[in-house]
Amino acid sequence: MSSKSNFIARKVTPRWNPIKTALSLGHGRSLSVNKRFPSFDTDLWELTNKKEAWAKNPSVDSALDLLSGISTAPTSELADDVIKYLIMHQDKLSIPARLLLDRSINQSADTINGLILPKIEEYFSEKHLFAEINRLKTRLSSTPGNPIVWFNISHLYGQLGQFTQAEKAMRAALFLAPNNRLMIRSAAKMYQQIDSDSEKSLWVLRRAESIESDPWLISADIALSDSLGIKQKFRRKGLLLLKHSRIPDFHLSELRSAIGTNEIYSGSERLGKKHLDEALLCGTENSIAQIQWLQEAKILNNYPELNLDNIQASYEAASRLAYTNQKWDEVIDNAIKWVYYHPFSENAAMLAGYMLYHVLGDTKNAIEVTRIGQRANPKCLPLINNRIFFEAQNGNVDKAENIFNQISEGSKPNEKGLFHANAGMIKFKRGNIIQGRKEYLQAMEIFNKAGLSFEAQSAMLHWAYEEMKSGVNSTDMKRLTQDVLNETKLLDDTPLKKMKDELQSGIHKRHDHIPKKRSLLGRLFSRILPNHNS
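Overview of the structure. As the structure is a computational prediction, the values presented were derived from the model and not from experiment. (Residues numbered from 1 in each chain as written. Predicted model: local features only at pLDDT ≥ 70, side-chain atom pairs only at ≥ 80, totals over all residues. Heavy atoms only, no water.)

What to know about the overall build of the chain
Thinking step 1. Counting its regular elements, the chain contains 28 helices and two strands.
Thinking step 2. Taken across its 534 residues, the chain has 58% of its residues classed as buried.
Thinking step 3. In the chain, the proportion of contacts linking residues at least 24 apart, taken out of those at least 6 apart, comes to 64%.
Thinking step 4. Within the structure as shown, the chain displays about 23500 Å² of accessible surface, and the carbon and sulfur contribution to it stands at 49%. (Helix = DSSP H or I, 4+ residues; strand = E, 2+ residues; numbered from the N terminus. Buried < 20%, exposed > 50% of the residue type's maximum accessible area, 1.4 Å probe, protein only. Contact = heavy atoms within 4.5 Å. Areas by Shrake-Rupley, 256 points an atom, 1.4 Å probe, with all protein chains shown as cover.)

So, in structure tokens, the structure goes:
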């Protein structure tokens, strides 16, 4: 079976984006400048120059440069003309430029006014990523002291899962720009990506000169401290900033979201909601996604539905909101864009793969998007178990079994449950029905003991599905299947409903009646469903 998330409590940890993406979202601006209300003497002056360059020489380069300025300024009268020009010349755009254009348009369709996004396997192919690395290394021969080039090389190596090279390049970038906020936050995220238990991520943040005065760094420190279970060193400084500083709301959004999350966890829901409300005043996509996750996890209750209009790159929040509202096509669309935007998120790859398989039956692309996530998250057991499941369902049982044999059971209930469910699946596909049943029973027991009712019912459904596909025409299978249909009500309003319908259709086609007498397997099954009447 597969899972749509890694079950790890979400924190407002910093993103690791290419420099151009981070700048286009306003994350590198001066603390005196609000993203949506730029100061006259800096941003509007730059925008004026960009408009003049566009007017004198309309080109792809001047259009992209102007679009990045328009996207962060209130004067957007040229936006339509610039976007139309770029769409007409999209054959000359690099893949990152096409994605930047998509973010600027900020709509959800794969094709927007003629804009065609690159295929995910094209964008994340080793060939493309290495070509970009080689192009940037060529630039270094003439500008070896350019920290942005080193930073982007690190980002590309990170997508490939080559973290030794990624760290070397990031260290060079930090040496050249030791106080750059974007590089410090991204380096912290990189070290968390390499080893989630390592305190290197905090070391990078806490050595920064501006750690006590920059809310972007303080919010990252709070989130990463929480993830590591370490005392928050700068929380008080953050609270003072929120109370006394005149920093614009945009720059305080992630700090408010991080502190608001802390307050809710500590039982102070009223104060937590106050901070979250303020985080929405001029929110970043990361702070918005945090609030949506808190609602999804039922940690934040009685909170109004979020409005994602005008929030650039809010793919994670849009995915989560669409899932809550059972808009499956929107989930798929935004989850795939979430992978484009933040390929280091294991949850992005897990949700995209899960939805592609269970909603569209698109096993090939479910494998591809999972493989991409696995490359940047090689230790994530739930993600690897998703890959095992998709490979087996695609007929690649040997490959699935080979991957399965290289992983451990894990230590967390969700990891153990997925492990045994997929062990059962492989046993069934190898014809070892009895052992397969035992593995599924063990998975269900693990899930139930941990209070993971949805996952326990999902394991039931997958078990019955394998029984049906195995061709075993027995009273055991008939009764088990009927029990599953009756006892998996939590799955009815989810993408797994399609699987239940297929199972029910299979029963009606293959069997005339359901026996009333509980068989040996039925008695085994009653261990999992103690309240079920025989």
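Remarks on empty space enclosed by the protein
Thinking step 1. One pass over the full model with this rule turns up five cavities of 30 Å³ or more.
Thinking step 2. Taken as a whole, the largest cavity encloses approximately 90 Å³ of empty space.
Thinking step 3. The biggest single contributor to the lining of the largest cavity is helix 10 (residues 181–194), with three residues.
Thinking step 4. When grouped by side-chain class, the residues that make up the lining of the largest cavity number three nonpolar, three polar and two charged.
Thinking step 5. Estimates place the volume of the second largest cavity at around 70 Å³.
Thinking step 6. Contributing to the lining of the second largest cavity are Lys4, Ser5, Glu296, Ser319, Arg320, Tyr323, Trp338, Asn347 and Leu351.
Thinking step 7. Sorting the residues of the lining of the second largest cavity by element identifies helix 17 (315–324) and helix 19 (346–360) as the ones contributing at least two each.
Thinking step 8. Sorting elements by how many residues they give to the lining of the second largest cavity places helix 17 first, with three residues. (1 Å grid on protein atoms, 1.4 Å probe; cavity = no way out; pocket = protein on both sides within 12 Å on 5 of 7 lines; lining within 4 Å. Points joined across faces, edges and corners; volume = space filled by probe spheres on them. Nonpolar A, V, L, I, M, F, W, Y, C, P; charged D, E, K, R; others polar.)

Some details on the packing of aromatic side chains
To describe a pair of aromatic rings, one takes the distance between the centres and the angle between the planes.
Thinking step 1. Evaluated as defined, the whole model comprises 11 aromatic pairs.
Thinking step 2. Among the aromatic residues, those joined into a cluster by ring pairs are Tyr357, Phe389 and Phe390.
Thinking step 3. For Lys4, the ring lying beneath its charged end belongs to Tyr323, and the centroid distance is 4.5 Å. (Phe/Tyr/Trp six-rings, centres within 6.5 Å; stacked < 30°, edge-to-face > 60°. Lys NZ or Arg CZ within 6 Å of the ring centre and 35° of its normal.)

With respect to the pattern of salt bridges
Thinking step 1. Evaluation of the coordinates by the stated rule reveals 29 salt bridges.
Thinking step 2. A salt bridge links Glu285 to Arg15; the shortest N-O distance between them is 2.8 Å. In this pair, Glu285 sits in helix 16 (residues 285–296) while Arg15 sits in the segment before helix 1 (19–24), placing the two residues 270 residues apart along the sequence. Across the pair, Arg15 and Glu285 agree in class, each one buried.
Thinking step 3. Taking the shortest distance from any N to any O, the salt bridge between Arg430 and Glu401 comes out at 2.7 Å. Of this pair, Arg430 sits in the loop between helix 23 (413–429) and helix 24 (433–449) while Glu401 sits in helix 22 (residues 397–404), and the two are 29 residues apart along the sequence.
Thinking step 4. By relative accessible area, which is 43% here, Arg430 ends up partly exposed.
Thinking step 5. Each member of the salt-bridge network shares a partner with another, and the members are Lys4, Arg10, Arg15, Glu285, Glu296, Glu316 and Arg320. (Salt bridge = Lys/Arg side-chain N within 4 Å of Asp/Glu carboxyl O.)

Here we look at the packing of helix 18 (residues 328–341) against helix 19
Thinking step 1. Helix 19 packs onto helix 18 with a crossing angle of 145° between their chain directions and a minimal axis gap of 8 Å. Once helix 18 is placed against helix 19, the crossing between them reads as left-handed. Only Asn347, Ala348, Ala349, Leu351, Ala352, Met355, Leu356, Val359 and Leu360 of helix 19 make contact with helix 18, whose side of the interface consists of Trp328, Val331, Ile332, Ala335, Ile336, Trp338 and Val339.
Thinking step 2. In terms of residue class, the contact of helix 18 with helix 19 is built from 15 nonpolar, one polar and no charged. (Axes fitted to C-alpha atoms, helices over the stretch in contact; angles between N-to-C directions. Left-handed = near helix turned anticlockwise from the far one by under 90°.)

A few points about the environment of Glu269
Thinking step 1. Its location among the elements puts Glu269 in helix 15 (residues 269–279).
Thinking step 2. Since its relative accessible area comes to 30%, Glu269 is described here as partly exposed.
Thinking step 3. Sequence separation between Glu269 and Leu300 is 31 residues, and the spatial gap between their C-alpha atoms is 8.0 Å.
Thinking step 4. If sequence neighbours within four positions are ignored, Glu269 has contacts with Glu263, Ile264 and Asn301.

Focus: the environment of His275
Thinking step 1. The topology assignment puts His275 in helix 15.
Thinking step 2. Look at His275 and you get buried, because its relative accessible area is 7%.
Thinking step 3. Look past the residues within four positions of His275 in its chain and what remains in contact with it is Leu239, Leu242, Arg256, Ile259, Gly260 and Glu263.

Examining helix 15
Thinking step 1. Those residues of helix 15 that fall on the buried side of the exposure criterion are Gly272, Lys273, His275, Leu276 and Ala279. Looking straight down helix 15, one finds its buried side chains confined to an arc of 160°; they lie on one side. (Arc of directions from axis to C-beta.)

What about the packing of helix 24 against helix 25 (residues 453–470)?
Thinking step 1. For the pair helix 24 and helix 25, interaxial distance at closest approach is 8 Å and the crossing angle is 165°. One element, helix 24, and the other, helix 25, form an angle in the roughly antiparallel class. In this structure, helix 24 crosses over helix 25, and the sense of that crossing is left-handed. Side by side, helix 24 and helix 25 meet where Ile433, Arg437, Tyr440, Leu441, Met444, Phe447 and Asn448 of the first sit next to Glu455, Ala456, Ala459, Met460, His462, Trp463, Glu466, Glu467 and Ser470 of the second.
Thinking step 2. The residue makeup of the contact of helix 24 with helix 25, split by class, is nine nonpolar, three polar and four charged. (Parallel < 35°, antiparallel > 145°, perpendicular 65-115°, else oblique.)

Quick notes on the side chain of Lys189
Thinking step 1. Within the element layout of this structure, Lys189 appears in helix 10.
Thinking step 2. Filtering out sequence-adjacent residues up to four positions away, Lys189 remains in contact with Thr13, Pro14, Arg15, Trp16 and His342.

Focus: unusual backbone geometry
Thinking step 1. In this structure, Phe7 takes a positive phi of about 65° despite not being glycine.
Thinking step 2. In this structure, Phe7 sits in the segment before helix 1.
Thinking step 3. Owing to a relative accessible area of 36%, Phe7 belongs among the partly exposed residues under this scheme.
Thinking step 4. Despite not being glycine, Gln326 has its phi angle at roughly 60°, a positive value.
Thinking step 5. Mapped onto the elements of the fold, Gln326 is located in the loop between helix 17 and helix 18.

A word on the nonpolar core
Thinking step 1. Counting residues in each nonpolar core, the largest one holds 67 residues, and the members touching the most others are Met355, Ile388 and Leu503.
Thinking step 2. One finds Leu136, Ala169, Leu174 and Ile211 within the second-largest nonpolar core, a separate group that totals 48 residues. (Core = buried A, V, L, I, M, F, W, Y, C linked by side-chain atoms within 4.5 Å.)

Without other data, these values stay purely geometric and don't point to any function.
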